[in-house]
Amino acid sequence: MRENCQFCNGEFRLNVLACRRTKTKYLRTGCCDGALRPCPEPTELLRSDKLTQDERDYLQRIENLDWFSGRVATILLKIEAKVKASGGVAV
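Report follows, based on the coordinates. (Residues numbered from 1 in each chain as written. Predicted model: local features only at pLDDT ≥ 70, side-chain atom pairs only at ≥ 80, totals over all residues. Heavy atoms only, no water.)

1. Remarks on helix H3 (residues 70–85)
- For H3, spanning 16 residues, the distance from its first C-alpha to its last is 22 Å, which sits close to the expected 22 Å at 1.5 Å a residue.
- Along H3, the positions that sit buried rather than exposed are Gly70, Val72, Ala73, Leu76, Ile79, Glu80 and Val83.
- Backbone geometry just downstream of H3 places Gly87 in the positive-phi region, at approximately 75 degrees. (Helix = DSSP H or I, 4+ residues; strand = E, 2+ residues; numbered from the N terminus. Expected span 1.5 Å × (residues − 1). Buried < 20%, exposed > 50% of the residue type's maximum accessible area, 1.4 Å probe, protein only.)

See below:
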């Protein structure tokens, strides 16, 4: 089942936009470029003691990338949700 965009009601795709000046990454809709929220930061997620070794290795590999694909952003959101649910680090 496909998810519809809350802005244009089209097929939702996750996109990441990086601000060159501040190096901050933002989640946006890929269909209409609607702003969603800042992207979870791998550095912040790495502070949690609730991560598996695989998650920790993955975050360390992507930590210094200038941009993320929608797939990477989806994985970051899942890790962030796990950390928040386990009471790890406030992200």
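After presenting the structure, the write-up continues.
2. Describing the pairing of strand E1 (residues 14–18)
- Where E1 meets strand E2 (residues 25–29), five bridges bridge the pair, whose relative direction is antiparallel. Each bridged residue has a counterpart across the sheet, and for Asn15 the counterpart in E2 is Arg28.
- Hairpin connection of E1 to E2: six residues between the antiparallel strands, including Lys23 at a positive phi of 65 degrees. (Pairing = 2+ DSSP bridges.)

3. Quick word on the environment of Glu11
- By secondary structure assignment, the location of Glu11 is in the segment before E1.
- A residue is classified by how much of its surface remains accessible, and Glu11, at 42% relative accessible area, is partly exposed.
- Considering only alpha carbons, one finds Glu11 and Thr29, 18 residues apart in sequence, at a separation of 9.5 Å.

4. What to know about the sheet that holds E2
- If you walk across this open sheet you meet the three strands as E1-E2-E3, and the pairing is antiparallel. On the outer flanks of this sheet lie E1 and strand E3 (35–38), each paired with one strand and no other. Taken pair by pair, the neighbouring strands of this sheet meet at an average axis angle of 30 degrees, ignoring direction.
- In terms of strand pairing, E2 meets E3 through three bridges, oriented antiparallel. Bridged to Tyr26 within E3 is Pro38.
- Where H3 meets the sheet, it contacts E1, E2 and E3, and its direction lies at approximately 95 degrees from that of E1. (Axes fitted to C-alpha atoms, helices over the stretch in contact; angles between N-to-C directions. Contact = heavy atoms within 4.5 Å.)

5. Some points on the packing of helix H2 (residues 53–62) against H3
- Packing of H2 against H3 leaves a shortest axis separation of 12 Å and a crossing angle of 135 degrees. Relative to H3, H2 is oriented oblique. Note on packing geometry: the crossing formed by H2 with H3 is left-handed. Every residue of H3 that contacts H2 at Glu55, Tyr58, Leu59 and Ile62 is listed here: Val72, Ile75, Leu76, Ile79 and Lys82.
- Looking at the contact of H2 with H3, its residues break down into seven nonpolar, no polar and two charged. (Parallel < 35°, antiparallel > 145°, perpendicular 65-115°, else oblique. Left-handed = near helix turned anticlockwise from the far one by under 90°. Nonpolar A, V, L, I, M, F, W, Y, C, P; charged D, E, K, R; others polar.)

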